[in-house]
There are 2 protein chains.
Amino acid sequence: MTGLTETQLNDSPLNSGALSHTVRVALDVMGGDDAPDVVIEGARQLLKSNDTQDKAINLVLVGAAEALAALREEFPERVEAVATTEIIEMDEHPAVAVKQKKDSSIVVACRLVKEGRADAFFSAGSTGGAMTAATLIIGRVRGIKRPAIATVIPAPKGNVLLLDAGANTDVTAEYLKQFAAMGEIFAREVMGVPQPRVGLLNVGEEDSKGSQTAQDAYALMQESIAGFAGNAEGTDIFKANFDVIVTDGFTGNIVLKAMEGLVAGLFSELKSIFYSSTKNKLAAAVIKNDLGALKDQLDIEAIGGAPLLGLQAPVVIGHGSSSAFAIENGIRATAAAARQRIPQHIAAAIAQEG
Amino acid sequence: MTGLTETQLNDSPLNSGALSHTVRVALDVMGGDDAPDVVIEGARQLLKSNDTQDKAINLVLVGAAEALAALREEFPERVEAVATTEIIEMDEHPAVAVKQKKDSSIVVACRLVKEGRADAFFSAGSTGGAMTAATLIIGRVRGIKRPAIATVIPAPKGNVLLLDAGANTDVTAEYLKQFAAMGEIFAREVMGVPQPRVGLLNVGEEDSKGSQTAQDAYALMQESIAGFAGNAEGTDIFKANFDVIVTDGFTGNIVLKAMEGLVAGLFSELKSIFYSSTKNKLAAAVIKNDLGALKDQLDIEAIGGAPLLGLQAPVVIGHGSSSAFAIENGIRATAAAARQRIPQHIAAAIAQEG
């Protein structure tokens, strides 16, 4: 197998008891705008953490040999290094890139997971590349029609898991129902919401509202999703009236980017106001910390990335502009998904439905 | 015809030269959360304005007789009154309500426009009711497959016209192309943008991105929309990189409500910060005016409503929570659409395409 080091790794399949002890996260060292430096720095922060759960995370670094050496030497017992020679760039066509770049960090990391040499995968690289590679190599949970990208939206009144955030631009009611089932499991097991309220993103509250697909999905979800709480409207997202909001990847991607653009734009306008006069500067200095806290609270970086749900192993994608702190949190979120055995929960839920 | 007063109104068909002089706007006095009082007050403000163009607007008030009398007496030469006995409520099913409530203010106002007794129609009532009544009674421009709701988004760097904002949850590429053509005309003629940049809302920049419908629409728009500037992403909305952004009514409605909810939520968080301590209160007092100006700038109310495009006469819908000021601006926007002969421009553009 091209590009894999000869290091003998322990073989612990996904379903082994090993997960309750140490989780091995394959880390795409080449993914992200400031890779590999920022990724390595994020990994180092995590490895230095004294938190008990953090100490139970080992890393399989995947990337250019020279980028991996220092951290491998620094933490020889917790870090494996797998050298690769290619990178899937953000603007490449995912299917083409995954097929052609067999020695890319994303493809190799997925292969390590498939072979049981890592339990989960985190990348701040190409979302499409990771989704495609993970679907082809790691594989879908049996019965899942389409994996989905979930995104945690940090609203002041609580986090909201929105899916699909962009993997599937054309969906059926059945896909949407499966997204709901997967989102419900993730919210309960990883986000710690005992009884998640699941909403279907739509143009009105009534079951007769929306596109034909949305109407059909409403009926399916009412039948089979325990926490289904009806249609969610656009205004409900930031109000956090629901813990999980389900939609197609077209609407999900657009609504997330619109909200992201709006937050960035509003804070930029606030900044202009604060710098527009001396008296404003003085006033701004007083409330600066509180405003900063609000901005941090709304910062998607602190969340640690978007889980891809419906795959046979946990895969989490970080923002391309991830800081070292975001990478650190992303690895943490990936390990949590493995520890909580999300793929196994999803498999059980789908199998039960028959 | 039930509910119409016997007042003899001048007969001036839509296409007559009369439009360049005085525009007669049919006003739904019963539409809006605080109707009829707020609607009458907004109308009064407009009638009292000394602006030359405002003075060229006459009103046909449509609603409960007792609500109309005072203003009719106050401005006998500029106000006609048409008494009605029914109201289409916000939560009624539009098609059913329009069919059953033949003496509702919305249905009667549309009939007045159809008969040439008014040139255009403004309502802050049920959007669905107005869209349904206008489509059935006033009728579509020949060749237009589906009328669309357009909404002006007030972004700091410029206004953006987004359509469809909710009329058509299921669309074809052909509908989207027509929305683009109509939006381009409205932006040029009413918003005053000489060469509007028209974008297709999508999940990425490349023409290969998005749903099948979006990809097909991209090709159609590239062929026939003069100002087509490619795909717009969610982040582009608030950046105002485009003057017109085209999407289906499902995505459009959700993205607008999400942005509305986010703005409301953020300003509410800012308010909490400002009131959280004495020192913050003092600092907030300093920047209060500038912040208020920003909030006003983002306020959809100042815009005056959402035009329904593709009908044989201008119809504009105000927000249900419209203030008197919003009503005043809504009437103004409706008159502007009539003055600029938007339906005629749309008809010409569609006819030219053949």
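Residues numbered from 1 in each chain as written. Chains lettered and ligands numbered in written order. Predicted model: local features only at pLDDT ≥ 70, side-chain atom pairs only at ≥ 80, totals over all residues. Heavy atoms only, no water.

Topic: the interface of chain A and chain B
Here is step 1 of the chain: On the side of chain B, 46 residues touch chain A, which itself brings 46 residues to the contact.
Here is step 2 of the chain: When the two sides are added together, the surface that chain A and chain B hide from each other amounts to roughly 4100 Å², 74% of it contributed by carbon and sulfur.
Here is step 3 of the chain: For the interface between chain A and chain B, the tally reads 4 salt bridges.
Here is step 4 of the chain: For Glu233 of chain B, the salt bridge goes to Lys257 of chain A, with nearest N and O atoms at 2.4 Å.
Here is step 5 of the chain: On inspection of chain A and its partner chain B, the count reaches 12 residue pairs in polar contact (both at pLDDT 80 or more).
Here is step 6 of the chain: Elements with a contribution of two residues or more to the side of chain A that touches chain B: α8 (212-224), α9 (234-239), α10 (249-274) and α11 (278-297) of chain A.
Here is step 7 of the chain: Looking at which element gives the most residues to the side of chain A that touches chain B, the answer is α10 of chain A, with 18 residues. (Contact = heavy atoms within 4.5 Å. Buried area = accessible area lost by both parts, 1.4 Å probe. Salt bridge = Lys/Arg side-chain N within 4 Å of Asp/Glu carboxyl O. Polar contact = N/O pair within 3.5 Å; in protein donor to acceptor, adjacent residues only side chain to side chain. Helix = DSSP H or I, 4+ residues; strand = E, 2+ residues; numbered from the N terminus.)

Concerning the packing of aromatic side chains
All names here are of chain B.
Here is step 1 of the chain: Within this structure, the stated rule accounts for 2 aromatic pairs over all chains.
Here is step 2 of the chain: With centroids separated by 5.1 Å and ring planes inclined at 80°, the aromatic side chains of Tyr218 and Phe228 adopt a geometry described as edge-to-face. With Tyr218 in helix α8 (residues 212-224) and Phe228 in strand β8 (residues 228-232), this pair connects stretches of sequence that are 10 residues apart. (Phe/Tyr/Trp six-rings, centres within 6.5 Å; stacked < 30°, edge-to-face > 60°.)

So, the pairing of strand β8 (residues 228-232) of chain A
Residue and element names in this part refer to chain A.
Here is step 1 of the chain: By the criterion of burial, β8 is predominantly enclosed, with 4 of the 5 residues buried.
Here is step 2 of the chain: Bridge count for strand β7 (residues 198-201) against β8 is 3 bridges, and the pairing is parallel. When the bridges of β8 are listed, Leu200 appears paired with Asn231.
Here is step 3 of the chain: In this fold, β7 hands off to α8, which returns the chain to β8; that crossover is right-handed. (Buried < 20%, exposed > 50% of the residue type's maximum accessible area, 1.4 Å probe, protein only. Pairing = 2+ DSSP bridges. Right-handed = clockwise from strand over helix to strand, strands pointing away.)

A few points about the side chain of Asp236 of chain A
Here is step 1 of the chain: Tracing the chain through its elements places Asp236 of chain A in helix α9.
Here is step 2 of the chain: Lacking a salt bridge, the buried Asp236 of chain A has Lys239 of chain A as its closest oppositely charged neighbour, with an N-O distance of 4.7 Å. (Lys, Arg positive; Asp, Glu negative; His and termini not counted.)

Describing unusual backbone geometry
Peptide bonds are, in most cases, trans, and in most cases residues other than glycine have a negative phi.
Here is step 1 of the chain: Geometrically, the link from Leu163 of chain A to Asp164 of chain A is a cis peptide bond, its omega value of 5° lying close to zero.
Here is step 2 of the chain: Looking at the element boundaries, Asp164 of chain A is found in the loop between β6 (158-163) and α7 (173-189).
Here is step 3 of the chain: For the bond running from Ala35 of chain B to Pro36 of chain B, omega is 0°, close enough to zero to count as cis.
Here is step 4 of the chain: When you line up the elements, Pro36 of chain B lands in the loop between β1 (23-28) and α1 (37-48).

Quick look at α10 of chain A
In an α-helix, one turn spans 3.6 residues, which is why side chains three or four residues apart end up on the same side.
Here is step 1 of the chain: The end-to-end C-alpha separation of α10 of chain A is 37 Å, in line with the 38 Å expected for 26 residues at 1.5 Å each.
Here is step 2 of the chain: Along α10 of chain A, 21 of the 26 residues are buried, which leaves the element largely enclosed by surrounding structure. (Expected span 1.5 Å × (residues − 1).)

Remarks on the domain arrangement of chain A
All names here are of chain A.
Here is step 1 of the chain: In terms of domain boundaries, chain A breaks down into domain 1 (17-144 + 310-353) and domain 2 (151-297).
Here is step 2 of the chain: Between the C-alpha centres of domain 1 and domain 2 the distance comes to 25 Å.
Here is step 3 of the chain: In this assembly, 14 residues from domain 1 lie in contact with 10 residues from domain 2.
Here is step 4 of the chain: For the domain 1 and domain 2 pair, buried surface summed over both sides reaches about 1000 Å², with 69% attributable to carbon and sulfur atoms.
Here is step 5 of the chain: In terms of surface lost to domain 2, no three residues of domain 1 exceed Ile342, His345 and Glu353, which account for 37% of the buried area on that side.
Here is step 6 of the chain: There are 0 salt bridges connecting domain 1 and domain 2.
Here is step 7 of the chain: Put simply, domain 1 and domain 2 have 2 residue pairs in polar contact (both at pLDDT 80 or more) between them.
Here is step 8 of the chain: Counting only elements with at least two residues in the side of domain 1 that touches domain 2, the list comes to α12 (324-339) and α13 (342-353). (Domains from an automatic or database assignment.)

Description of the sheet that holds strand β1 (residues 23-28) of chain A
Residues and elements named next belong to chain A.
Here is step 1 of the chain: Read from one edge of the open sheet, 11 strands run β3-β2-β1-β4-β11-β10-β5-β6-β9-β7-β8, paired in mixed fashion. Unpaired on one side and paired on the other, β3 (79-83) and β8 mark the two borders of the sheet. Within this sheet the neighbouring strands show an average axis-to-axis angle of 25°, counted without direction.
Here is step 2 of the chain: As paired strands, strand β10 (residues 306-309) and strand β11 (residues 315-317) are joined by 3 bridges and run antiparallel to one another. In the sheet register, Leu308 faces β11, and the bridge partner there is Val315. (Axes fitted to C-alpha atoms, helices over the stretch in contact; angles between N-to-C directions.)

With respect to the relation of the copies chain A and chain B
Here is step 1 of the chain: For the pair chain A and chain B, the superposition axis carries a translation of 0.0 Å, the fit reaches an RMSD of 0.1 Å, and the rotation angle comes to 180°. Taken together, the rotation and translation relating the two chain copies correspond to the operation of a two-fold axis. When C-alpha distances to the rotation axis are compared across chain A, the minimum falls at Ala283 of chain A, with a value of 2.2 Å.
Here is step 2 of the chain: Both copies contact each other with a shared surface, as 100% of the interface residues of chain A are interface residues in chain B too. (Least-squares fit on C-alpha atoms with pLDDT ≥ 70 in both.)

As for the sheet that holds strand β5 (residues 148-155) of chain B
Residues and elements named next belong to chain B.
Here is step 1 of the chain: In spatial order, the strands read β3-β2-β1-β4-β11-β10-β5-β6-β9-β7-β8; together these 11 strands make up an open sheet with mixed pairing. Among the strands making up the open sheet, the edge pair consists of β3 (79-83) and β8. Within the sheet, the average angular offset between the axes of one strand and its neighbour, ignoring direction, is 25°.
Here is step 2 of the chain: In this sheet, β3 lies alongside strand β2 (residues 57-63) in parallel orientation, the contact comprising 5 bridges. Bridge pairing in β3 links Gly63 to Ala83.
Here is step 3 of the chain: Relative to strand β9 (residues 244-246), helix α7 (residues 173-189) is tilted by about 165°, and along the sheet it contacts β5, β6 (158-163), β7 (198-201), β9 and β10 (306-309).

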